Amino acid sequence: MIIEIKNAVCRFDDIVAVDNVSLDIKKGEVVVIIGPSGSGKSTLLRGLNALQSFQSGSIAVDGIKVDKNSKNIHDLRLEVGMVFQQFNLFPHLSVINNIVLAQKVVRRRSSDESEKKAWQLLEMVGLTDKAEAYPAQLSGGQKQRVAIARALAMDPKIMLFDEVTSALDPEMIGEVLEVMKELASKGMTMLVVSHEIGFAREVADRVVFMDNGKIIETGTPSEVIDSPKEKRTQDFLSKVL
Amino acid sequence: MIEWISKQVVLYWDIFKYLLPAVPYTILITVCSFVLALILGLIVGVLRISRVRSVAYLAGLYINVIRGIPLLVQIFFIYFGLGGILNLDRFFAGVIAVGICYSAYLAEIFRSGIEAISVGQHEAAQSLGMTRFQTLRHVILPQSMRIVLPPIANEFIASLKDSSLVSIIGMRELTRAGREYYSQYFVDFQTWFMVGLIYLIMTITLSKVVKYLEKVYSVKGFGSQKT
């Protein structure tokens, strides 16, 4: 198991955001987490690279225990790529330098090597013509594709996607999902928090439905989306489909 | 009438020539003390937002103490108080006093510049495996610098004016030279008019330079959109 979550609990004051969640993910598996807002999906995802610390339970990624205060937290984050809803590109750097920066600073790669890698990734996301542009000059969909390339440049073993299409105009969602599909077909282990039920149905190996901080139901897309057993899953899907 | 005017012109020119050699000292004191203020201010500003509570508290204490004491008193304290013990000359005492005083103001500007950058930038950098220091150095500060450039430039111009206070400990800069001229020739209006005019020329020139720098360091579309 490349990701092992055991009895994870995360509280904010008196709100329990993640309530005793356990989830194992195999290498190469694509898992899509769906559920209403405030159900704890994003909190769980952020726990996997310690952007969010948990009060109890344990999370391990590729055999490394996730602990915000441990020395190997930076090694762990190298293995886990993350893409955010709000893109979070570095606005003072050009597209190519957004992808190069961490390779040089963290992976200690040479300029040539980092740039070569960046160009390959820009090719993959179809943005070689925007290499010298600055983030503010890109559309939302383009920004998000750069953000994916930036995360992939670190050669992560796992990619986390935190509602990456939620801030996009509808006509740009497709281009981002295309890149994610390609990534999934290449065997990347992916954990995706999304409202794109169609994407989940098409790409996911497993769909997890969360509500109120708990995993309510989990199974193949056809099991969870097409014939949900739980009442809460049925209610949620009837609203979004 | 014409005679009066030509006499005045000669007088002003005479004062100008007398004051001009002192101008480089005003510039030197200002530049040296501001470099000191930038270094100290950046360090204190970063420590101010340290996650170690006691460190942040001490940095805050430094800022409040320094900001709460008049610069003139700090100059006296460093030159006469500490200077006696450490054997500081006028120039160093003046530079240290102005530098420390302005470091407190700059620290607050740096802190606000760092805090103005969104949490998402920190998270993105950290998710790529960067340490807190790497995040600060490569992601946060380059963005903060563009935000803090105008307020820091204002402080620089203010420190140029405040460097005149160093004249009180006998450092011969522009203001001191003005006092010397006045005590020799007793023309108060013309002397202080000319001293003021020279300061004004320097400060106006500086604000033009700052405008230019802001343009040079701007990034296409930066700050106008979400990223």
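Bear in mind the structure is a predicted one, so any value in this text is a computation, not a measurement. (Residues numbered from 1 in each chain as written. Chains lettered and ligands numbered in written order. Predicted model: local features only at pLDDT ≥ 70, side-chain atom pairs only at ≥ 80, totals over all residues. Heavy atoms only, no water.)

Student: Help me understand the overall build of chain B, please; the structure alone is not making it clear to me.
Tutor: Scanning chain B from N- to C-terminus turns up nine helices and zero strands. Start at the N end of chain B and walk to the C end: the helices and strands fall as α-α-α-α-α-α-α-α-α. On C-alpha atoms alone, chain B measures out to a radius of gyration of 22 Å, which is more than a quarter above the 17 Å that the 2.2 N^0.38 rule sets for 227 residues. Referenced to the eigenvectors of the C-alpha coordinate spread, the extents of chain B come out at roughly 75 × 50 × 20 Å. For chain B, the proportion of its 227 residues judged to be buried stands at 42%. A fraction of 75% describes how many contacts in chain B between residues 6 or more apart in sequence connect residues 24 or more apart. (Helix = DSSP H or I, 4+ residues; strand = E, 2+ residues; numbered from the N terminus. Rg over C-alpha atoms; globule rule 2.2 N^0.38 Å. Buried < 20%, exposed > 50% of the residue type's maximum accessible area, 1.4 Å probe, protein only. Contact = heavy atoms within 4.5 Å.)

Student: For this particular structure, what's the right way to read the packing of aromatic side chains?
Tutor: In this description, an aromatic ring pair is defined by two values, namely the gap between the centres and the angle between the planes. Counted under the stated rule, the structure contains 12 aromatic pairs over all chains. Aromatic side chains Phe209(A) and Phe236(A) sit 5.3 Å apart centroid to centroid with 40° between the ring planes, which places their arrangement in the tilted category. One end of the pair, Phe209(A), is in strand 9 (residues 206-211); the other, Phe236(A), is in helix 9 (residues 231-240), with 27 residues separating them in the sequence. A single burial state applies to Phe209(A) and to Phe236(A), both of which are buried. Centre to centre, the rings of Phe76(B) and Phe80(B) are 5.8 Å apart; their planes meet at 35°, and the pair counts as tilted. With Phe76(B) and Phe80(B) both in helix 4 (residues 71-86) and four residues apart, the pair spans about one turn of that helix. (Phe/Tyr/Trp six-rings, centres within 6.5 Å; stacked < 30°, edge-to-face > 60°.)

Student: I tried to follow the layout of surface pockets on my own but got confused; where do I start?
Tutor: One way to see where empty space is left: roll a probe the size of a water molecule over the atoms. Each pocket or cavity is described by its volume, and for the largest pocket that value is around 730 Å³. Residue lining of the largest pocket: 26 residues in total, with Arg51(B), His122(B), Gln126(B), Arg132(B) and Thr135(B) positioned closest to the centre. Contributions of two or more residues to the lining of the largest pocket are made by helix 2 (73-79) of chain A together with helix 5 (90-115), helix 6 (119-127) and helix 7 (132-162) of chain B. For the lining of the largest pocket, the leading source of residues is helix 7 of chain B, giving five residues. Here the residues of the lining of the largest pocket sort into 12 nonpolar, seven polar and seven charged. Along its surface, the second largest pocket is lined by 18 residues, and Leu38(B), Leu149(B), Ile152(B), Ala153(B) and Leu213(B) are the ones closest to its centre. A per-class count over the lining of the second largest pocket returns 17 nonpolar, no polar and one charged. (1 Å grid on protein atoms, 1.4 Å probe; cavity = no way out; pocket = protein on both sides within 12 Å on 5 of 7 lines; lining within 4 Å. Points joined across faces, edges and corners; volume = space filled by probe spheres on them. Nonpolar A, V, L, I, M, F, W, Y, C, P; charged D, E, K, R; others polar.)

Student: What's the story with the pairing of strand 9 of chain A in this structure? I'm lost.
Tutor: It is a general feature of regular strands that their side chains alternate between the two faces of the sheet. Residue and element names in this part refer to chain A. Extensive coverage of strand 9 is indicated by the burial of six of its six residues. Neither face of strand 9 is open: one carries Arg206, Val208 and Met210, the other Val207, Phe209 and Asp211, and all of them are buried. Pairing of strand 3 (residues 30-34) with strand 9, which is carried by four bridges, proceeds in the parallel orientation. Bridge pairing in strand 9 links Val31 to Arg206. In terms of strand pairing, strand 9 meets strand 10 (residues 214-219) through five bridges, oriented antiparallel. By the bridge assignment for strand 10, Asp211 is matched with Lys214. (Pairing = 2+ DSSP bridges.)

Student: I'm lost on the sheet that holds strand 7 (residues 158-162) of chain A in this one. Help?
Tutor: Two modes of strand pairing occur in sheets, parallel and antiparallel, and in both the strands are linked by backbone hydrogen bonds. Residues and elements named next belong to chain A. Strand order in the open sheet formed by six strands is 6-7-8-3-9-10, with mixed pairing between adjacent strands. The open sheet is flanked by strand 6 (80-83) and strand 10, the only strands paired with a single partner. If you compare each strand with its neighbour and ignore which way they point, the axes differ by 20° on average. Pairing geometry for strand 3 and strand 8 (residues 189-193), over four bridges, is parallel. (Axes fitted to C-alpha atoms, helices over the stretch in contact; angles between N-to-C directions.)

Student: What am I meant to see in the packing of helix 2 (residues 23-48) of chain B against helix 3 (residues 53-67) of chain B here?
Tutor: For any two helices packed against each other, one specifies the inter-axial angle together with the distance between the axes. Residues and elements named next belong to chain B. In contact at an axis separation of 7 Å, helix 2 and helix 3 are set at 135° when each is read in the N-to-C sense. If you check the angle between helix 2 and helix 3, you find them oblique. For the pair helix 2 and helix 3, the crossing hand works out as left-handed. Here Leu40, Val44, Leu47 and Arg48 of helix 2 come into contact with helix 3, specifically with Val55, Ala56, Ala59, Gly60, Tyr62 and Ile63. Here the residues of the contact of helix 2 with helix 3 sort into eight nonpolar, one polar and one charged. (Parallel < 35°, antiparallel > 145°, perpendicular 65-115°, else oblique. Left-handed = near helix turned anticlockwise from the far one by under 90°.)

Student: How should the environment of Val61(A) be read in this particular structure?
Tutor: All names here are of chain A. Among the structural elements, Val61 can be located in strand 4 (residues 56-61). For Val61, a relative accessible area of 2% gives the class buried. With sequence-adjacent residues up to four places away left out, Val61 is seen in contact with Ile2, Leu48, Val66, Leu76, Val80 and Ile158.

Student: Can you walk me through the pattern of salt bridges in this structure?
Tutor: When the charged atoms of two side chains lie near each other, side chains of opposite charge can form a pair. Residue and element names in this part refer to chain A. By the definition in use, this model includes 19 salt bridges over all chains. Across the pair Lys41 and Glu163 runs a salt bridge whose closest N-O atoms are separated by 4.0 Å. Of this pair, Lys41 sits in helix 1 (residues 41-47) while Glu163 sits in the loop between strand 7 and helix 6 (170-185), and the two are 122 residues apart along the sequence. Taking relative accessible area as the criterion, Glu163 reaches 13% and is therefore assigned buried. (Salt bridge = Lys/Arg side-chain N within 4 Å of Asp/Glu carboxyl O.)

Geometry only, nothing functional implied.
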